[in-house]
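Close look at the chain arrangement
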Amino acid sequence: QVQLVESGGGLVQAGGSLSLSCAASGRPISSFTMGWFRQAPGKEREFVATISWNGGSTYYADSVKGRFTISRDNAKSEVYLQMNSLKPEDTAVYYCALDLQYGRLPVHSSEYHYWGQGTRVTVSS
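Residues numbered from 1 in each chain as written. Predicted model: local features only at pLDDT ≥ 70, side-chain atom pairs only at ≥ 80, totals over all residues. Heavy atoms only, no water.

**With respect to the pairing of strand β3 (residues 18-25)**
Selection criterion: Burial status follows relative accessibility: with a 1.4 Å probe on protein chains alone, a residue under 20% of its type maximum counts as buried, one over 50% as exposed, and anything between as partly exposed. Secondary structure elements are taken from DSSP: a helix is a run of H or I of four residues or more, a strand is a run of E of two residues or more, and numbering for both begins at the N terminus. Being paired, for any two strands, means DSSP has found at least two bridges between them.
Here β3 shows a clear split, with Leu18, Leu20, Cys22 and Ala24 buried on one side and none of Ser19, Ser21, Ala23 and Ser25 buried on the other. Two elements, strand β1 (residues 3-7) and β3, share 5 bridges in a ladder whose sense is antiparallel. By the bridge assignment for β3, Glu6 is matched with Cys22.

**Overview of the state of the cysteines**
Convention followed: Cysteine sulfur atoms are paired as a disulfide whenever they come within 2.5 Å of each other.
Per the stated rule, a full pass over the model turns up 1 disulfide. The disulfide partner of Cys22 is Cys96, and the gap between their sulfur atoms is 2.1 Å. Here the disulfide of Cys22 and Cys96 is left-handed, its torsion about the S-S bond being about -75 degrees. One end of the pair, Cys22, is in strand β3; the other, Cys96, is in strand β9 (residues 92-99), and 74 residues separate them in sequence. With relative accessibility at 1%, the residue Cys22 sits in the buried group. Taking the relative accessible area as the measure of exposure, Cys96 reaches 0% and is therefore buried.

**A word on the packing of aromatic side chains**
Each pair of aromatic rings is reported with the distance of its centres and the angle of its planes. Put simply, the test is: Pairing of aromatic rings covers Phe, Tyr and Trp, the last through its six-membered ring, and needs centres within 6.5 Å; plane angles under 30 degrees mean stacked, over 60 mean edge-to-face, and all others mean tilted.
As enumerated under the stated definition, the model contains 6 aromatic pairs in all. Taking 5.7 Å as the distance between ring centres and 75 degrees as the angle between the ring planes, the aromatic pair formed by Phe37 and Phe47 counts as edge-to-face. Taken together, the positions of Phe37 in strand β4 (residues 33-39) and Phe47 in strand β5 (residues 46-51) put the pair 10 residues apart, joining distant regions of the chain. Of the two residues, Phe37 and Phe47, both sit in the buried class. Measuring from centroid to centroid gives 6.0 Å for Phe47 and Tyr59, while their planes differ by 25 degrees, and the two rings are stacked. With Phe47 in strand β5 and Tyr59 in strand β6 (residues 58-60), this residue pair connects regions lying 12 residues apart in the sequence. What makes Phe47 buried here is its relative accessible area of 12%. Among the aromatic residues, those joined into a ring-pair cluster are Phe37, Phe47, Tyr59, Tyr112 and Trp115.

**Focus: the environment of Glu78**
This is how the line gets drawn: Any two residues whose heavy atoms approach within 4.5 Å at even a single point are treated as in contact.
As for its position among the elements, Glu78 is in strand β8 (residues 78-83). Separated by 29 residues in the primary sequence, Glu78 and Ala49 place their C-alpha atoms 15 Å from one another. Glu78 has contacts with Cys22, Ala23, Ile29, Arg72 and Asp73, leaving out every residue within four places of it along the chain.

**Overview of the nonpolar core**
We apply this condition: The set of buried Ala, Val, Leu, Ile, Met, Phe, Trp, Tyr and Cys residues whose side-chain atoms join them within 4.5 Å is what this entry labels a nonpolar core.
Counting 35 residues, the largest nonpolar core has Leu4, Met34, Trp36, Leu81, Met83 and Tyr94 as its most contacted members. Mapped onto this core, the elements with two or more residues apiece are β3, β4, β5, β7 (68-73), β8, β9 and β11 (119-124). In terms of residues, this core owes the most to one element, β9, which gives 5 residues. What Leu81 contacts, discounting residues up to four positions off in sequence, is Leu18, Ser19, Leu20, Trp36, Val48, Ala49, Phe68, Thr69, Ile70 and Tyr94.

**Focus on unusual backbone geometry**
Positive phi, normally seen in glycine, also occurs at Ser77, with a value near 55 degrees. Mapped onto the elements, Ser77 comes out in the loop between β7 and β8. With phi around 50 degrees, Ser85 is a residue other than glycine that occupies positive phi space. Of note, Ser85 is situated in the loop between β8 and β9. On the basis of relative accessible area, Ser85 is assigned to the partly exposed category, the value being 41%.

Here it is as structure tokens:
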């Protein structure tokens, strides 16, 4: 069993930056792909970014490419999402997720096995 807890959300003006963290406990995460998803009011959960077990490979949604950076520190069992040049359309609850299957970087939420409770990000105009 893995527990994931997101933090770092808040209110920020458009063009600003915010850094999210995901802390894992109960099981080491060093062998697993991790991902970030988000869900805006009235919309389905959408893929944001994913990172391989050792941080060697990353993949981003086109909507955030060049603005967001995913990273991880396996020694601390933490995953991060640095968000720059934020836009109002980035407003959403952001979720951290873990994929138990080795060797893939999935973009579909159904491929992930553990989820945090989310942290809310609000970007004002």
